[in-house]
Every structure is written in C-alpha cells, then in structure tokens.
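If you want the building blocks of each chain, they are given just below.
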Amino acid sequence: MTRQIAAMLHGQALEGAVWTTLDTQGAAGISDARSRAPMRPDHRMQVGSIAKTLLAAGILRLASEGRLGLDMPVAALLPAMAFDNPWHASDPVRIRHLLDHTSGLDDVHFWQVFTMKARADAPLAATFPAGSGLLRVRHRPGTRHSYSNMGYTLLGMVIEAVARQRYERYLDAALLAPLGMHDSTFAFVEQASDPRLAMGHFEDGAVHPAVPSFVRPAGQFTTTAADMARFARFLMSDGSAGGRPFIDPALLRRMGEPTGTEAARAGLQVGYGLGLRKFDRHGVVAKCHGGSTIGFKAMLCLFPEAHKAFFIAFNTDNETADYQRFDALLAGVLMPAMPAAAAGEAPAFDPQPWEGVYVPAPNRFDTVRFIDTVFGFMRLRGDGSALSLHPFQGPAVTLQHAGNALFRAPGKVLPSHALLVSADGKRIVTNGTQSHEQVSMLYLSSLWLSVGAGLLGLAWIVLKGMARLAARRMSPSDPLAAPLAGALALLVPLPLFYRQSFLQLGDLTAASGLLAIVTAALPVTMLAGLAMALRSTGSRTGNRIDALAMAAVLQLAIGLAAWELLPLRLWD
C-alpha cells in the first residue's frame, strides 16, 4: 500500500501522508518541502475538524459521569451567551444540537478563521463579541443540519464551564491520557517548538507553519497515526478504558447516527450525529469525519460492525487534489464493496408538487447567503418513478424512488435524499446534511434580474466611460464621471490584497478597509451621476441609457446592502 499511496501523492501534487488501518501504519512522501526530509509514521499531524469527534467524545465522557445532559439548554451552562432564538420558549439550543450541528447557528465568519490576530491563549468568549449577532438561530433547533464551527467552539466553553479549567487542559488529562493517546494534544502546537510536527503546505510546495484560531475547539488537534488507531478502537469498543467504564457504550453507538431532524424522521439514515457523519461512499457505509486546517487535510473512517477503521492525514491542503481517491483505496483494502441497491420497480409518486427551484435553507455561511441563493439553487424535475436534480453549479443527478419520501442516487447503498414538508409548510429536499427549500420562480427570477441588470449597468458605465476617456471627451461635469470613478475604484484594493497573506482576509487591513470604503462609495457615485444625467441637456437617448445603467447598478447596491453585503466588511 505504501507504494500505491506514494504514487498517488505524486499524482495529486501532495507532499506527504501518514495513515493507519489499525493493523498497519505507514508513511510516504516528505514532511517538509524545504529540507525534503521523509515522512515517518510517528510524525505528528494536525487534523482540523476531526478535533470535533474527539471533543464530542469529551462531552460524552462528561455525560457518562452525570456532569451534564445532552438535552440541557446551553444557556443553563453559558448564561452570558445570549442566543437570538425565535423558538427559545419551546426549543432552546441544547448541547445535543451543538454536537449534531442542528443548532441553527452560522458556521463561521472570515475574521474567526482568516486572521493573524488570534492568540493560542485567548478566552473562547472572544469568539463571540457582544453585539456581534453571531448567535442568531436561523431555523428551529434540532430540525436541520447546518455545519457550525461556532457551535463546537461553544462546546469548548461548555467543557470549561463544567470542568472549571481550560478545555485543552481538561481533555488532554481526562480524555486523551486514559485512552493512551500520549502523543496527542488539544493545545496549540507549532513546528518551531515541535520538530516531530510535519510542516503544512499548499499548492506547489508552499510551506506554512501552524497558526492559532478563534474557533480552536472546532479544529485544533495534533496527533499521530498510532494515537488515532487507539481512538478508533475505543470508539468501536464497549466504552471501557483501563478496564473501567469510561463512556456509556450506548452513547458511542449513537455517534454517527442522525436523530431528531426532519431528514431522520423521514427515514434517511445518512447524516451527522454526536461528532461523526454516516457516509455512503465508494460502495461502503462508514462513520467518518474529515478535517482541514492551514496546510493539512485528514480523514477518519470507522466500520463498527466489522471492527475496522482507517485514518489518513496529509501535510498539504491542495484545492485541486482528489483526496477521495485515498479514502477509496483504504476503504477498499478494509471492506468489500457493498452492492448498490437494485433498481427494481420503483413505487409511483406524484412529482408535480415538488417540481421547481430550490435554494439552500439554510446555507452554511450566513454572510454569503445572497450569493448562495442566487447561484446555489437547483432545479427538481420528476417523471413519476425518479427525480432529477439539476444544480446550477454541478452535474445533474437522477434519484430513484426508494419508497415513501426516500430516494437513492446512483451507486448508493442507502437512500441518499428525502422529500418532506416542514412544520411551516415549505417543501424541502435534503441529503441529511444540506437542505434546500422550494421557492417561487418569480422570487428567484427577481434576484437574477437584479444581479444581471446591475452587472450590465456596470459594464455599460465602464465601457462607455473608458471610451470617452480615450477620446478625451470626459470632463468632471460629465454624468458618467462619478459612476466611472466609483466602478474603477473597486479595483484599487486588489494590489493590496495580493501583497498581504490570505490569513489576513478577515483582519482590518489597508486592503480590507479600502474595500469597505470603495464598496460603500459605489452607490453614492451612482446616485450623483444619476442626478446629473437627469439634469443634463445632452442627447436624450444617451442620457436615458446612461441613467438607466446607473439606476441598475444603484438598485443592485441597495439589494446587496439589504443582504448585508454592502459595504463589504470582511472583518465583520
């Protein structure tokens, strides 16, 4: 297997990897592109969001001790965290909701991840500044999955409230040590202080050392392949550690089993539960969690019934690499592929009420919900025995009816989608971890029209304005002068962004500050030009087209402001 993985690393432009299948461990590639030092099986790796599975185990340990209950409202332990929850009276945000990503909270903001200002010892409460609106609940808690790094950061705070110490110190001593994971830690580790920590990389071998994060409970964990093998064995055990009960085995078995959501009630078995996600991929069903952080990528997968598992971690985060090829190889080594369900004769259903357009509900990142609504939609069509989903950004998928409200994508062992009607009467299509809500074509068309008109208006202003400049027919009193200046000003921050680290995208810098200024100024320049165009004594036809272009950009700017995208403040 080492030779295969080494060849795949080269083919995918990845620097190195460590892995374990419980029975064997291995390493391939290099640990640092600068020294070309080989990767060793005992190299330490950072695993990003796999930290959530371990933190969830820490919560289950506290629950097994009776120190908290999974159905406890979070506010009872964190009274300073004021949730903006319209359903609070009947459905407060509970610990279980944070574990399952069903709290309704947003995932994360730019400034919480892409920053050079985070400190490894900062209090977790710094992630939720007063008045920031970060704790707005977007759907009834417990009903829909929406991945949330902020939710797991709150779980870190829950641990601190119960244990009365930093969550890193508590989990290292009360979870990792009893499990024999002495080469792992929740504490921040950097390459300068730990020569065994592999260096992180991006495309073309660009190196990047570890950096702290505001949402560290959700993605800060350093480990080895051997320690992850110990952890995987424990998750598939009777819950004992050192010969003594440690975590209630019933809780361990429920990890990776979605419960309570609309999708689960509709009969969908795939989804997320208590820190693991049930996957149906590569012809096998497994309970997995992936992770990525600055310069690293990793995957943990369990096959509890066969008592097998694999863990693989890469010291490269390459946007173009196909990491699923490694998952497929390891899964294939461990488990025979299960036959996909036979097509058979699908029970009939009436697709007509379900046909139409659907938008993410909710989308993962609340700050870009306008973009996801406009460009993340999909069309649903049916023929009585099958559905076809046509995402705007992606290939079409045909879903075979599997009975009741369930449907199965090609090659899947289990039903992969469900149709349901929410408590407020909305038609929903869900795959267990992402829900889309049916909207009227009129509503979506109005957004498309707004965006299209605004972009056409902007193009007209730039092209005609530049033509006038080239012909030296532009003067300060020209109605197009201010709008052209406003449009071209949008390009001014780009060189500043190019010169700064991508990790500063969420910080208030000269680049992001200037971006906020020029995006705020855009509607002002359009309004000024529109006023001048309407008063102009020039060609009426030309004035009308110019005025129409300015009005088109202005209406888009007003719409973006209503969706909180203008002015564009990346640090907010």
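Residues numbered from 1 in each chain as written. Predicted model: local features only at pLDDT ≥ 70, side-chain atom pairs only at ≥ 80, totals over all residues. Heavy atoms only, no water.

Named according to an unreviewed UniProt entry, the chain is CubicO group peptidase (Beta-lactamase class C family) originating from Pseudoduganella umbonata.

## Things to note about the UniProt feature "domain: Beta-lactamase-related" (unreviewed entry) in the chain
The sites that UniProt annotates as "domain: Beta-lactamase-related" (unreviewed entry) are residues 6–324. As annotated, residues 6–324 comprises 25% helix and 19% strand, and the C-alpha atoms at either end are separated by 15 Å. (UniProt positions renumbered as here; feature names shortened; annotations may be inferred. Helix = DSSP H or I, 4+ residues; strand = E, 2+ residues; numbered from the N terminus.)

## Regarding a nonpolar patch on the surface
Taken together, the side chains of M466, L469, L488, L491 and L494 define a hydrophobic patch exposed on the protein surface, amounting to about 440 Å² of accessible area. Tracing the backbone shows L469 in helix α13 (residues 441–470). Its relative accessible area of 41% is what places L469 among the partly exposed residues. (Patch = residues over 30% accessible without salt bridge, like charges linked within 9 Å, V, L, I, M, F, W, Y side chains within 5 Å. Areas by Shrake-Rupley, 256 points an atom, 1.4 Å probe, with all protein chains shown as cover. Salt bridge = Lys/Arg side-chain N within 4 Å of Asp/Glu carboxyl O. Buried < 20%, exposed > 50% of the residue type's maximum accessible area, 1.4 Å probe, protein only.)

## Some thoughts on the layout of surface pockets
Within this model, the second largest pocket holds a volume of roughly 1,200 Å³. Counting residues per element, the ones that place at least two in the lining of the second largest pocket are α5 (110–113), α12 (369–375), α13, α15 (494–499), α16 (510–535) and α17 (540–562). Looking at the lining of the second largest pocket residue by residue, the classes come out as 29 nonpolar, six polar and eight charged. (1 Å grid on protein atoms, 1.4 Å probe; cavity = no way out; pocket = protein on both sides within 12 Å on 5 of 7 lines; lining within 4 Å. Points joined across faces, edges and corners; volume = space filled by probe spheres on them. Nonpolar A, V, L, I, M, F, W, Y, C, P; charged D, E, K, R; others polar.)

## What about the UniProt feature "transmembrane region" (unreviewed entry) in the chain?
The UniProt record marks residues 441–463, 479–498, 510–533 and 545–566 with the feature "transmembrane region" (unreviewed entry), using the residue numbering of this structure. Between the C-alpha atoms that bound residues 545–566 there is a distance of 25 Å. The span itself is 82% helix and 0% strand.

## Quick notes on the sheet that holds strand β2 (residues 25–32)
The eight strands are arranged β3-β2-β1-β14-β13-β12-β11-β10 in an open sheet whose pairing can be described as antiparallel. Each edge of the open sheet carries a strand with a single partner, namely β3 (37–38) and β10 (271–273). Of the strand pairs in this sheet, strand β13 (residues 296–303) and strand β14 (residues 308–314) are connected by seven bridges, and their pairing is antiparallel. Paired with L300 across the strands is F311, a residue of β14. Those strands touched by helix α1 (residues 2–11) are β1 (16–20), β2 and β14, and its axis lies near 30° from that of β2. (Pairing = 2+ DSSP bridges. Contact = heavy atoms within 4.5 Å. Axes fitted to C-alpha atoms, helices over the stretch in contact; angles between N-to-C directions.)

## Some thoughts on the packing of helix α2 (residues 51–64) against helix α6 (residues 149–163)
Relative to each other, α2 and α6 sit at 35°, their axes nearing to 11 Å. Of the two possible hands of crossing, α2 and α6 adopt the one that is left-handed. For the pair α2 and α6, contact is made by K52, L55, A56, I59 and L62 and by N149, Y152, L155, G156, V158, I159 and V162, respectively. Within the contact of α2 with α6, the residues separate by chemical class into nine nonpolar, two polar and one charged. (Left-handed = near helix turned anticlockwise from the far one by under 90°.)

## Quick look at α6
Between its first and last C-alpha atoms α6 spans 21 Å; for 15 residues at 1.5 Å apiece the expected length is 21 Å, and the two agree. The element α6 is largely enclosed, with a buried count of 13 among its 15 residues. By the N-cap criterion, in which a side-chain oxygen at the helix start approaches the backbone nitrogen of a residue two or three places on, α6 is capped by S148, the distance to M150 being 3.5 Å. Once α6 finishes, R164 follows within two positions and takes phi at roughly 60°, a positive value. (Expected span 1.5 Å × (residues − 1). Polar contact = N/O pair within 3.5 Å; in protein donor to acceptor, adjacent residues only side chain to side chain.)

## A look at unusual backbone geometry
Along the chain, A361 connects to P362 via a cis peptide bond; the corresponding omega equals -5°. Even without being a glycine, H282 presents a positive backbone phi close to 60°. Structurally, the position occupied by H282 is in the loop between β11 (276–281) and β12 (284–293).

## Some details on the domain arrangement of the chain
Taken domain by domain, the chain comprises domain 1 (1–334), domain 2 (352–439) and domain 3 (443–563). Computed over C-alpha atoms, the centres of domain 1 and domain 3 are 43 Å apart. Each partner contributes to the interface: domain 1 provides eleven residues, whereas domain 3 provides seven residues. When domain 1 packs against domain 3, close to 780 Å² is buried across both sides, 69% of that on carbon and sulfur atoms. On the domain 1 side of the interface with domain 3, the three residues burying the most area are F114, M116 and K117, jointly 53% of the side's total. Taken together, domain 1 and domain 3 are joined by zero salt bridges. (Domains from an automatic or database assignment. Buried area = accessible area lost by both parts, 1.4 Å probe.)

## What about the state of the cysteines?
Per the counting criterion, the structure on display carries one disulfide. The disulfide partner of C288 is C301, and the S-S distance across this bridge is 2.1 Å. Here C288 and C301 share a disulfide; its torsion about the S-S bond, 110°, makes the bridge right-handed. Of this pair, C288 sits in strand β12 while C301 is found in strand β13, placing the two residues 13 residues apart along the sequence. Both residues of the pair, C288 and C301, count as buried. (Disulfide = S-S within 2.5 Å.)

## A closer look at empty space enclosed by the protein
Scanning the entire structure with this criterion turns up three cavities of 30 Å³ or more. Here the largest cavity defines a volume of roughly 90 Å³. Forming the walls of the largest cavity are F279, R281, H282, V284, A286, C288, M299, C301, F303, F310, D327 and A331. Listed by contribution, the elements that provide at least two residues to the lining of the largest cavity are β11, β12, β13 and α11 (324–334). A per-class count over the lining of the largest cavity returns nine nonpolar, one polar and two charged. The calculated volume of the second largest cavity comes to roughly 50 Å³. Around the second largest cavity sit T143, R144, H145, T261, E262, A263, T430, G432, T433, Q434 and S435, which together line it. Tallied by class, residues from the lining of the second largest cavity come to one nonpolar, eight polar and two charged.

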